[in-house]
Every structure is written in structure tokens, then in C-alpha cells.
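Summary of the model geometry
Next come the chains, spelled out residue by residue.
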Amino acid sequence: MAKKTIHIMNTAFRDGFQSVYGARVLTEDFLPAIKACAEAGQTHFEAGGGARFQAPFFYCNESAFDMMDKFREAAGPDADLQTLGRGINVVGLDSQSRDIIDLHAKMFKKHGMTTIRNFDALNDVNNLYDSGKSINAHGLQHEVVVTMMELPPGCSGAHDVAFYQKTLEEILKAGVPFDSVCFKDASGTSAPKKVYETIKMARKLLPGDTKLVFHSHETAGVATLGYIAAIKAGADQVDCSMAPASGGTSQPDVATLWHALRGEDYELDVDIDKMMKAEAVFKECMADYFIPPEAKAVEPMIPWSPMPGGALTANTQMLRDNGLMDKYEACIEAMGEAVRRGGYGTSVTPVSQFYFQQAFNNVMFGPWEKIADGYGKMVLGYFGKTPCEPDPEIVKLAAEKLNLEPTTVNPVDLNDADPNKGVDAAKKMLTDAGITDHCDENVFIAATCLQKGIDFLLGKSKVNGVRKGASTPAAPEAAAGGDGAYTVTVNDKTYEVEVKGDTATVNGKAYDIDVIDGIAPAVKGDTPAPSDVTHVKAQVPGNVIKVLVKEGDQVKIGDVLLIMEAMKMEIEIKAPVAGKICELSVQAGDQANGGQELVSIK
């Protein structure tokens, strides 16, 4: 009896990067591995989208469109290059209007992609219709998705076989055009028995020639078992990665699944010996990149707090960047409550990020004291209908703290009516920044990457957060009073001071100085008297992405002074008092520590 051949898509260069390196990988570093895989006979690659659209702009100072062009060149003209889309969110955390949704498909087709796997974290079919139609209209293959996870123990009401059958039936009834169907479990928590029964259900419900795909992560330790269950239930394809970006938070390694199927009535459509040679090339390409230890581990808490592999390392990287890694365990624990009270949206981007942001806020500011913008809008209905009704108490809190009323209006209709969204709004952003080139690429970058996209187009971005090679050497220690670099803290305000001869550079500004030993009698005890000044400090560490005031400006209570970003959240820093800005201690692009002074108001 002939064995059934199971197709493999190689996810190493998209989901593997996101799941292990927080998506922060430079394009030129991995191109040799793509060529090696192509030479080994692989023809199907995940090549972009998801976090690998924003991350090149945010961290790598690269254009994701340039990355896709180079991927196509390396993989060859006939390869099936697949990207990941988030329904009406396309490749961002916020939802978009129809013209941007259409531009997404147009641009990805232009830059060499052939298939878009398209999902909605809420399994709201309304969010798949417009995106699916545009993908199909621009000549791309549309792989429509039902998102999966296991609910935390003790919860019920969604994410069982009946729920997935209902979602699939709604996709069919709505007439969403598609070429294949994927069941995607980003957190890797779905029990193998449920995977088997779900794929079996889908095989009966769909036309017999429909390509059926299952995708998972090893984060909870059951993905390989889930793959075997899906294959035995009738799946045609599963996704595999390659070491070092495999296992743990990523997909099972192609060698792991090949080994697990030995003696079974199935075989993979790869030459395993050639793939192992390609894997050796990939390991060499990635040898200088830091692998977070949590990326290679099975996390026992994940079934209780279903953090997707692709989000887990991105979040731990951000926690590390901000000196908050000690909060990780508490955030994971708090995430379970955010899931239970949030309406059971699938823990996949952007909803997984909403869950984690709310958990982060609950840990840092106290339970439910601060509602994360995305989480609040989700429970209020601004991203579509959640699988179950969110906790009414949380809905009430979100409405009060975000000053928004709950809605049942189709979010795409809301976005079409929003003057701050769409092609025209993106062009205005470009114009306001002095960017005259309104090509489709720049419009899409502005719409999906906002200020960080504008900064990239202005040439203000730099490579940051890419954990590759040796760490930046620490500034040389200096004897007191001598040349060298210092960190000086005065009244809880931190200054970076570098002294060279008669010049001191303080937080980037140079001053002429004259240093003598001892305290001169003329200045001893000459301490300024306290003044009526309010020092506005950062509540949490983060990046300053926009400063909206300048020294000398008059402000009222509640005026937004600057915007910081922490854990993919934009945090508005508002004036606690009315008065005049007497000092700005930071500028756009600065990294601020928790408790650091940002602005002084007199």
C-alpha cells in the first residue's frame, strides 16, 4: 500500500524568526539558507507578513518590501511564497479600512508573494470577507483560517469542535472565496484528540479536493502529537521549521516530524538528507543571534495562560529591553484572567498581544486599574464579535476608562468612516512629515506602522533590539573627577555624562566645563531654593516615539506632552498640572527608564 504524502511548508524564515528571535533578523543574514532550502528541493516557504512586516521597520531599519523582493530572488521564480495576514488588521495591531485592506493584497502581490494565509483572532467571519475578496481579486491564493486554542481549565463556551464547525459553516455561507483551509493554533494548546476530531469534521464538511492544513507550535509540548493527529484525520499539509528556529515556541523541526512518522503510512514531501544539509547552513547563518532560553523550552503554564509562541519571545525581548524580565512570570500568570474575562478570542496576534498588554498593566499598575487600548476596544466590540460575551464588569470598566461606548457595528464600516484611517489619512501623515513620495508602498507603511513607519521613511530609524553578536561594550569605568563615562542620578533624575577634558556631554548635549578638586568656597552651600516645579516621570520603561511640546509652551491639565511605547502599547504622557514647560529631559527616539523624569512643568 502506497504511503500518503504530506506536504510541508517551511516556516523557519517567518514564524520561526518571530517565535525564536522576536522577528528581529536582518535579511542578508538568512538569504543563504533560503537558497540552500531551494537547492534541497523545497518550493513552499512562509516569507513574510505577520510580525515580519513591522519588525524590519521597527528593529532592523529595513523595508519589509525589500525583504520580500530578496526572498523571491533567493527562492526562485516558481516557489510558492506565503505570507500571514490578520484579516482586517492585515499586518498591524489595529484594524484598517477597506482601501488599506485592498492595498495590502495589491502590494504583497507586487512584491512576489503568491499565497496569503488569512485569519481573524475572533473567528468573526465578517473580518475575513473583505480581506479574502481582495486577496482573490489581486490574483493571490487565499488560505482562509479557523483559529484554535484550548481554553484555560475550568472554562467552556467556545473552542470546541462544535465551535469550529460553526465558524467553518459561516465561512462557507458567507461566500468567502478561498483556495485552501488552515486550522491555526498559535499557542500550541489544542489537545490532540480535539485536533483529530476537528480535522475529521472539516474533511467531511469541505469539498473532497480542498487542501486542508494544520499549524501549531511546540510551546505546550503537544504540537508533534497534534500534527500526527491532524495527518491521520485527513490533513494534507502541516508546517515545520528548521533548527535553530524550531521546537519550543516555534513549529516542530522537519526532522522531528519525519522521525515521528517512521513506520506510519505517511511520508513527508522532502528529501530529509538534503534538508539536514540546508539546516546546517541555516544554523551557520544564525550562529551570532542570541536565542532566549524560553524559546527552546516547553512552558507548563501555557495551557492556563495560552501565550502564542510567536508572541512569547517578542514579549520577553521587550521585557529584557526595558529591564522588566523579572515581571515575566507574573505577567504570564495574569494573562489567564485576561483570557477568561475577555470573551475567549483566540490567543493569536493581535488578540494575544491585547491579553498580554492587559496582563502587563494588571501587574504594573494594579488589577484592572489601567485598561490596555486594544484589550478595551476588543471587549467593546471595535474589532468584531468575540466568541463569547466578555465579562460585563470589564466591559463597563473599558467603556469608562477609554471613554467609548460598546458597539455592534461592523468594524470595517467604522474604519471606513474614520477620518484618521485609510489611504487619504496615510497620505496626510506623509505630507505632514514632509514626505512627498506618496507611492503605494509608502502609503501602506504609514497606515500600518504609523509614527515608526514615518521615522523609517525619514531616515530616522536605526538598527535596535537585534540581539546579534557580542553585546555593546559597557562604557569604561572612570575614576571620580576623571575623563570617562558616568551615569549620574540626582533627585531620581538620571543623566548620561561623558567627560573629556574641558567638555561634558550630558544626555547628548555638550557643555564647556572647568573641574577643580574640592568645593570652592564661593559655591559651597549655594543650593537653589525649591521652586514650584512638577516633574513628570515615566511610569514604566519605554521608548519615546513623539514629543508634542517644547520648552516655554503653556499646557493645561490633561494635555498630551509626549507619547511613549512600551510592550507594543502607545502610552500618552499627560500634564498633571497646568503651567509652562520649563525643561524637556527626553527627545523622540530616547529610551526612558521607569521613574525617569521626562518633562518639568512650572
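Read on for an overview of the structure. It should be emphasised that the depicted structure is a prediction, and the values quoted were computed from it without experimental measurement.

Another point: the overall build of the protein chain. In terms of helices and strands, the protein chain carries 19 helices and 21 strands. For the protein chain, the residues scored as buried account for 55% of the 602 residues in total. Taking the intrachain contacts of the protein chain between residues at least 6 apart in sequence as the baseline, contacts between residues at least 24 apart amount to 72%. Accessible surface, the protein chain as shown: approximately 25,300 Å² in total, 51% of it carbon and sulfur.

Moving on, we come to helix α7 (residues 161–174). The end-to-end C-alpha separation of α7 is 20 Å, in line with the 20 Å expected for 14 residues at 1.5 Å each. By the burial criterion, the buried members of α7 are V161, F163, Y164, T167, L168 and I171. Along α7, the residues classed as buried sweep out an arc of 165° about the axis, all on the same side. Across α7 from its buried face, at more than 90 degrees, point the exposed residues A162 and K173.

What follows concerns the nonpolar core. With 175 residues, the main nonpolar core has F13, F71, F108, F183 and Y375 as its most contacted residues. In terms of residue count, helix α19 (residues 440–457) provides more of this core than any other element does, eight residues in total. F108 has contacts with G49, F53, F65, M68, T83, V91, M113, I116 and F444, leaving out every residue within four places of it along the chain.

Let us now look at the packing of helix α3 (residues 51–60) against helix α4 (residues 64–75). Look at α3 against α4: their axes get within 8 Å of each other, and the N-to-C directions meet at 115°. Seen from α3, the contacting residues are R52, F53, P56 and F57; seen from α4, they are A64, F65 and M67. Residue composition of the contact of α3 with α4, by class: six nonpolar, no polar and one charged.

Let us now look at the sheet that holds strand β19 (residues 579–584). Taken together, four strands build an open sheet; the order of strands is β14-β21-β19-β16 and the sheet is antiparallel. The two strands at the open ends of the sheet, each matched to only one other strand, are β14 (534–537) and β16 (554–555). As judged from the three bridges shared by β19 and strand β21 (residues 597–601), these two strands associate in the antiparallel manner. Bridge assignment links I581 to a residue of β21, and that residue is I601.

Time to look at unusual backbone geometry. Cis geometry marks the peptide bond from A243 to P244, where omega comes out at 10°. Positionally, P244 belongs in the loop between β8 (237–240) and α10 (254–260). With an omega of 5°, the peptide bond running from T349 to P350 counts as cis. Despite not being glycine, A23 has its phi angle at roughly 70°, a positive value. Among the secondary structure elements, A23 is positioned in the loop between α1 (12–21) and α2 (27–39).

Glancing now at the pairing of strand β7 (residues 211–215). Successive side chains on a regular strand alternate, one facing one side of the sheet and the next facing the other. Burial within β7 is extensive, with four of its five residues counted as buried. Both strand β6 (residues 180–184) and β7 contribute to a ladder of five bridges, which runs parallel. From the neighbouring strand, K184 faces β7, where its bridge partner is H215. For the segment spanning β7, helix α9 (residues 223–233) and β8, crossover handedness is right-handed.

Another aspect to go through is the packing of aromatic side chains. As enumerated under the stated definition, the model contains 25 aromatic pairs in all. Centre to centre, the rings of F13 and F30 are 6.0 Å apart; their planes meet at 20°, and the pair counts as stacked. In this pair, F13 sits in helix α1 while F30 sits in helix α2, placing the two residues 17 residues apart along the sequence. Of the two residues, F13 and F30, neither departs from the other in class, the shared state being buried. The ring of Y59 is capped by R24, whose NZ or CZ atom sits 3.9 Å from the centre of that ring. The ring of F58 has K452 sitting right over it, with the charged end atom 4.6 Å from the ring centre.

Tracing the sequence through the fold places G48 in strand β2 (residues 44–49). Residue G48 is classed as buried on the basis of its relative accessible area, which comes to 0%. C-alpha separation for the pair G48 and A64, spaced 16 residues apart in sequence, amounts to 7.8 Å. Residues in contact with G48, not counting those within four places in the same chain, are R14, M67, Q82, T83 and L84.

One can find T316 in helix α12 (residues 309–321). Side-chain polar atoms of T316 contact the side chain of E294, separated by 2.6 Å. A distance of 3.0 Å separates a polar side-chain atom of T316 from the backbone oxygen of T313. When near neighbours in sequence (up to four residues on either side) are disregarded, T316 contacts E294, M325 and Y328.

Our focus in this paragraph is the packing of α1 against α12. For the pair α1 and α12, interaxial distance at closest approach is 6 Å and the crossing angle is 40°. Overall, the two elements α1 and α12 adopt an arrangement that is oblique. Residues Q18, S19, V20 and Y21 of α1 pack against G309, G310, A311, T313 and Q317 of α12. Grouping the amino acids of the contact of α1 with α12 by side-chain chemistry returns three nonpolar, six polar and no charged.

Reading guide: rules and limits
- Residues numbered from 1 in each chain as written.
- Predicted model: local features only at pLDDT ≥ 70, side-chain atom pairs only at ≥ 80, totals over all residues.
- Heavy atoms only, no water.
- Helix = DSSP H or I, 4+ residues; strand = E, 2+ residues; numbered from the N terminus.
- Buried < 20%, exposed > 50% of the residue type's maximum accessible area, 1.4 Å probe, protein only.
- Contact = heavy atoms within 4.5 Å.
- Areas by Shrake-Rupley, 256 points an atom, 1.4 Å probe, with all protein chains shown as cover.
- Expected span 1.5 Å × (residues − 1).
- Arc of directions from axis to C-beta.
- Core = buried A, V, L, I, M, F, W, Y, C linked by side-chain atoms within 4.5 Å.
- Axes fitted to C-alpha atoms, helices over the stretch in contact; angles between N-to-C directions.
- Nonpolar A, V, L, I, M, F, W, Y, C, P; charged D, E, K, R; others polar.
- Pairing = 2+ DSSP bridges.
- Right-handed = clockwise from strand over helix to strand, strands pointing away.
- Phe/Tyr/Trp six-rings, centres within 6.5 Å; stacked < 30°, edge-to-face > 60°.
- Lys NZ or Arg CZ within 6 Å of the ring centre and 35° of its normal.
- Polar contact = N/O pair within 3.5 Å; in protein donor to acceptor, adjacent residues only side chain to side chain.
- Parallel < 35°, antiparallel > 145°, perpendicular 65-115°, else oblique.

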